[in-house]
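Coordinates in review
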Amino acid sequence: MRIGILALQGAFIEHKYALDKLGVESFEIRQKRDIEKPFDALIIPGGESTVIGKLLHKLDLFEPIKKMIEDGMPVWGTCAGLILLAKNIVGEDAHLGLMDMTVKRNAYGKQIDSFSQEVVIPEVSENPFPLVFIRAPWIESVGENVNVLCELNGHIVAARQDNMLVTSFHPELTDNTAFTEYFLKMI
Ligand code: GLN
């Protein structure tokens, strides 16, 4: 199994460390050439969604990546990655526009920029999982084909639609690999 990690900007290396820990091969996607060889799944990391979105277009990665996901490649978007996958973004144009949900960027901004909280996500693990939020979005609403995995204080923070998994928090910034293992099971 080979997992491509979009490495244009943001917290991509931490995903690699988590996969290394689980003995799973991964590689960084920085240009079109990098996606020529076959691979099994894609991670779109956290960072700044507007910057990553612009770079995807500039590097001619936008269309091929969109097509791969449409064709069923398993993808996990964390934080900015979640925003990039969303069909609707409050007050802004969508990027890849693939997952049937409306997201609000920097949703926790006025309350607190970054925080961490432990919750049990039954589909992922029976043990509490640490949710780390960094200028995080939340999901305001989802279509009926989307499975909500985790809600926090009335807002959706993890969800799945077919081959697409999204988290508004950063599992890769913790020592806990349960979420990464959950993604691997989707492949
Ligand atoms: N605030 C960022 C954005 O709107 C996301 C933050 C993150 O990925 N940690 O794109």
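These remarks concern the structure in this document. Keep in mind the model is a prediction, meaning the values are calculated, not measured.

On to the overall build of the protein chain. Looking only at helices and strands, the protein chain features 5 helices and 12 strands. Here the C-alpha radius of gyration of the protein chain, 15 Å, is about what a compact globule of 187 residues would show, namely 16 Å. Relative to its full complement of 187 residues, the protein chain shows a buried share of 55%. Contacts in the protein chain between residues far apart in sequence, at least 24 positions, make up 63% of those at least 6 positions apart. Approximately 8600 Å² of the protein chain is accessible, and the part contributed by carbon and sulfur atoms is 46%.

Below, the discussion takes up the site of the ligand. In the vicinity of the ligand, the contacting residues are Gly 46, Gly 47, Glu 48, Ser 49, Cys 79, Ala 80, Ile 83, Arg 105, Asn 106, Ile 134, Arg 135 and His 170. Measuring from an oxygen atom of the ligand, one finds a backbone N or O atom of Ala 80 at 3.0 Å. Ile 134 places a main-chain nitrogen or oxygen 3.0 Å from a nitrogen atom of the ligand. Its free accessible area being 300 Å², the ligand has 95% of it covered by the protein chains. Cavity membership is defined here by more than half of the atoms lying within 2 Å of grid points; on that basis the ligand lies in the largest pocket. By residue class, the composition of the shell around the ligand is 4 nonpolar, 5 polar and 3 charged.

Within this structure, the stated rule accounts for 6 salt bridges. We note a salt bridge from Arg 2 to Glu 25, for which the minimum N-O separation is 3.5 Å. Taken together, the positions of Arg 2 in strand β1 (residues 2-6) and Glu 25 in strand β2 (residues 25-29) put the pair 23 residues apart, joining distant regions of the chain. A salt bridge links Arg 30 to Glu 28; its shortest N-O distance comes to 2.6 Å.

This model, assessed by the stated rule, comprises 12 aromatic pairs. Ring centres of Phe 27 and Phe 39 lie 5.2 Å apart, and the angle between their planes is 80°; on these two criteria the pair is classed as edge-to-face. In this pair, Phe 27 is assigned in strand β2 and Phe 39 in the loop between β2 and β3 (41-44), connecting sequence segments 12 residues apart. Ring-pair connections join several aromatic residues into one group, and the members of that group are Trp 76, Tyr 108, Phe 115, Phe 129, Phe 133, Trp 138, Phe 169, Phe 179, Tyr 182 and Phe 183. Here the basic side chain of Arg 2 rests over the ring of Phe 27, its NZ or CZ set 4.0 Å away from the ring centre.

Parameters at a glance
- Starting from 1, residues in each chain are numbered consecutively following that chain's sequence as written.
- In keeping with the model being predicted, local features are shown solely for residues with a pLDDT of at least 70 and side-chain atom pairs are shown and tallied solely at 80 or more, while totals for entire chains, interfaces and linings include all residues.
- Processing note: side-chain calculations cover all non-hydrogen atoms of the structure and skip hydrogens and water entirely.
- Secondary structure elements are defined from DSSP: runs of H or I of at least 4 residues count as helices, runs of E of at least 2 residues count as strands, and each element is numbered from the N terminus.
- C-alpha atoms define the radius of gyration in this analysis, and the globule rule sets the expected value at 2.2 Å times the number of residues to the power 0.38.
- Three labels apply to residues, based on accessible area from a 1.4 Å probe with only protein chains included: buried if under 20% of the type maximum, exposed if over 50%, partly exposed otherwise in between.
- By definition in these notes, contact holds between two residues if any of their heavy atoms fall within 4.5 Å.
- Residue exposure ignores everything except the shown protein chains as possible cover, and the areas themselves are Shrake-Rupley values with a 1.4 Å probe.
- By convention in these notes, a residue is near a molecule or strand provided one of its non-hydrogen atoms lies within 4 Å of it.
- Each polar contact in these results corresponds to two N or O atoms within 3.5 Å; when the atoms are within protein, one needs to be able to donate a hydrogen and the other to accept it, and residues that are neighboring in sequence are counted only if both atoms are side-chain atoms.
- The pocket and cavity definitions rest on a 1 Å grid over protein atoms only: a 1.4 Å probe that fits but cannot leave marks a cavity, an open set with protein on both sides within 12 Å along at least five of seven lines marks a pocket, and residues lining either have an atom within 4 Å of a point.
- Molecules are considered to sit inside a cavity or pocket once more than half of their atoms lie within 2 Å of its grid points.
- For this classification, Asp, Glu, Lys and Arg are treated as charged, while Ala, Val, Leu, Ile, Met, Phe, Trp, Tyr, Cys and Pro are nonpolar and the rest, including Gly, are polar.
- Within this document, salt bridges are pairs made up of a side-chain nitrogen of Lys or Arg and a carboxyl oxygen of Asp or Glu, the two lying within 4 Å of each other.
- Think of it this way: a Phe, Tyr or Trp ring, Trp meaning its six-membered ring, pairs with another when their centres are within 6.5 Å, and the plane angle makes it stacked under 30 degrees, edge-to-face over 60, tilted otherwise.
- Charge over a ring is defined by NZ of Lys or CZ of Arg lying within 6 Å of the ring centre and within 35 degrees of the ring normal.

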